[in-house]
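So you can see what is in the structure, the chains are spelled out below.
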Amino acid sequence: MARITLRQLLDHAAEYGYGVPAFNLNNMEQGLAIMAAADATDSPVILQASRGARAYANDVVLAKLIDGLVEIYPHIPVCMHLDHGNNEATCATAIQYGFTSVMMDGSLKADGKTPADYNYNVEITRNVTKMAHWAGVSVEGELGVLGSLESGQGEAEDGHGAEGVLSHDQLLTDPDEAVKFVAATKVDALAVAMGTSHGAYKFTRKPDGDVLAMNVIEEIHRRLPTTHLVMHGSSSVPQDLQDIINQYGGQMKPTWGVPVEEIQRGIKHGVRKINIDTDNRMAMTGQIRKVLSESPAEFDPRKYLKPAMEAMTKLCKQRFEEFGTAGNGSKIRPISVAEMAKRYASGSLDPKIDA
């Protein structure tokens, strides 16, 4: 069974110069759609589940679902990642259920709403990193608060996101702090705040440097060239998917996501993990609306979930190809978490930071 840690996967991505989309998972249909795309493109996979997804699907069902997907596709390296863990317990229980990677989002306090200070973030992230690395499990941290540089506000997703108005400094990761944070916590990957946000309504216009600060990523990569960077809230919110939803009764307001070319720019500057959820939701929702609109007598969920899965698979294949992930799955030989634990203990996986 090809379970893989985030650290091994992102090390490989860095070596070969590609990025890996991290697709959020809530149910069987999404899991099958993602894995079909990975199989078709020979891509390694990051399946990630938020606290909301864990509550929705139940940890036991979710864990067994991942086991099933890995068994169906034993040749595909799969990383199971916790998205936006809010405290040590959330991360520990994810590891108990077979997650090979966890995110400790210490940019917010345990309520998932209140911005935390730097010292709090370092302490709680360090706690999780020690615990996870003992088990050979990878850790993603976050520095800076995700939110819009246009509105100055965070965007909640699954109940997680900063509330109220945020300062410009909070919305942008400080490169000097990033160096100190990685050294202090020994995280395997660092999520960077630079103007992206959760959900569909990221920008009111095609983003430029004023609202999507790719220069922040470039500067952090210059200072931390071997640290794997993560872009959250990076759905592109394609216009054609907006149009399908609205054509069949939806009411999506005009909006812009993160252009693929900007993500590709980030990949050239150390971005190895790119979080995508909204695009897949839109792809599925558009097809469900279409079937129910064109066949109002239909009541068999399979009749609308099958085209929904096909639409999601198409989008996932596109992202694998655009990010350079395609063709790399068969190149990876999974390293067990037991072996990864030994490497963490030896210090060989500690961050490499120039003084």
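Up top is the structure these notes are about.
The model shown is predicted, which means the values in this text are computed figures rather than measured ones.

Draft legend 1. Structural context of the environment of A40. Positionally, A40 belongs in helix 2 (residues 28–41). Residue A40 is classed as exposed on the basis of its relative accessible area of 53%. Each C-alpha atom, one on A40 and one on T313, is 9.4 Å from the other, the two residues being 273 residues apart in sequence.

Draft legend 2. View of the nonpolar core. In this structure, L47, V102 and M194 are the most contacted members of the largest nonpolar core, which totals 72 residues. Excluding its chain neighbours within four sequence positions, the residues that come into contact with V102 are H81, L82, C91, A94, I95, V128, A132, V137, S138, V139 and E140. I4, L10, I46 and A191 belong to the second largest nonpolar core, which has 15 residues in total.

Draft legend 3. Summary view of the pattern of salt bridges. Considering all chains together, one arrives at 20 salt bridges under this definition. The residue D59 makes a salt bridge to R54 at a minimum N-O spacing of 2.8 Å. Taking relative accessible area as the criterion, D59 reaches 17% and is therefore assigned buried. What makes R54 buried here is its relative accessible area of 9%. The residue D277 makes a salt bridge to R281 at a minimum N-O spacing of 3.0 Å. When salt bridges that share partners are traced, they join D176, E219, R222 and R223 into one network.

Draft legend 4. Region of interest: the state of the cysteines. The full count for this structure, using the stated rule, is 0 disulfides. Take C79: it sits in no disulfide, and the sulfur closest to it among the cysteines is that of C91, at 13 Å. Looking at C316, it has no disulfide partner, and the nearest cysteine sulfur is the one in C79, 16 Å off.

Draft legend 5. A look at the packing of aromatic side chains. Evaluated as defined, the whole model comprises 2 aromatic pairs. Ring centres of F23 and F320 lie 5.5 Å apart, and the angle between their planes is 90 degrees; this geometry places the pair in the edge-to-face category. Taken together, the residues F23 in strand 1 (residues 20–24) and F320 in helix 12 (residues 301–322) connect sequence positions 297 residues apart. Note on accessibility: F23 and F320 belong to one class, buried. The ring of Y118 has K180 lying over it, and the distance from NZ or CZ to the ring centre is 5.5 Å. Here the guanidinium or amino end of K253 rests over the ring plane of Y201, the centre of that ring lying 5.0 Å away.

Draft legend 6. Spatial organisation of the side chain of T173. Counting through the fold element by element, T173 comes out in the loop between strand 5 (138–143) and helix 7 (175–185). At 2.4 Å, the side chain of T173 and the backbone oxygen of L143 are in polar contact. Among all residues touching T173, those that are not within four sequence positions of it are L143, G144, A178, V192, A193, V216 and I220.

Draft legend 7. Inspection of helix 8 (residues 214–223) at higher detail. Along helix 8, the positions that sit buried rather than exposed are M214, V216, I217, I220 and H221. With its buried residues spanning 150 degrees around the axis, helix 8 presents them on a single face. Taken together, the buried residues of helix 8 touch helix 7, strand 6 (189–192), strand 7 (228–231), helix 10 (260–267) and strand 8 (271–276).

Draft legend 8. Structural detail: helix 6 (residues 118–134). A rise of 1.5 Å per residue sets the reference length of helix 6, with its 17 residues, at 24 Å; its end C-alpha atoms lie 24 Å apart and thus fit the reference within 8%. Among the residues of helix 6, those classed as buried are N121, V122, I124, T125, V128, T129, A132 and H133. In this structure D117 caps helix 6, since a side-chain oxygen of it lies 3.3 Å from the backbone nitrogen of N119. Positioned one or two residues after helix 6, G136 has a phi angle of 80 degrees, which is positive.

Definitions and limits used
Residues numbered from 1 in each chain as written. Predicted model: local features only at pLDDT ≥ 70, side-chain atom pairs only at ≥ 80, totals over all residues. Heavy atoms only, no water. Helix = DSSP H or I, 4+ residues; strand = E, 2+ residues; numbered from the N terminus. Buried < 20%, exposed > 50% of the residue type's maximum accessible area, 1.4 Å probe, protein only. Core = buried A, V, L, I, M, F, W, Y, C linked by side-chain atoms within 4.5 Å. Contact = heavy atoms within 4.5 Å. Salt bridge = Lys/Arg side-chain N within 4 Å of Asp/Glu carboxyl O. Disulfide = S-S within 2.5 Å. Phe/Tyr/Trp six-rings, centres within 6.5 Å; stacked < 30°, edge-to-face > 60°. Lys NZ or Arg CZ within 6 Å of the ring centre and 35° of its normal. Polar contact = N/O pair within 3.5 Å; in protein donor to acceptor, adjacent residues only side chain to side chain. Arc of directions from axis to C-beta. Expected span 1.5 Å × (residues − 1).

Interpretation note: all reported values are geometric properties and have no functional meaning in isolation.
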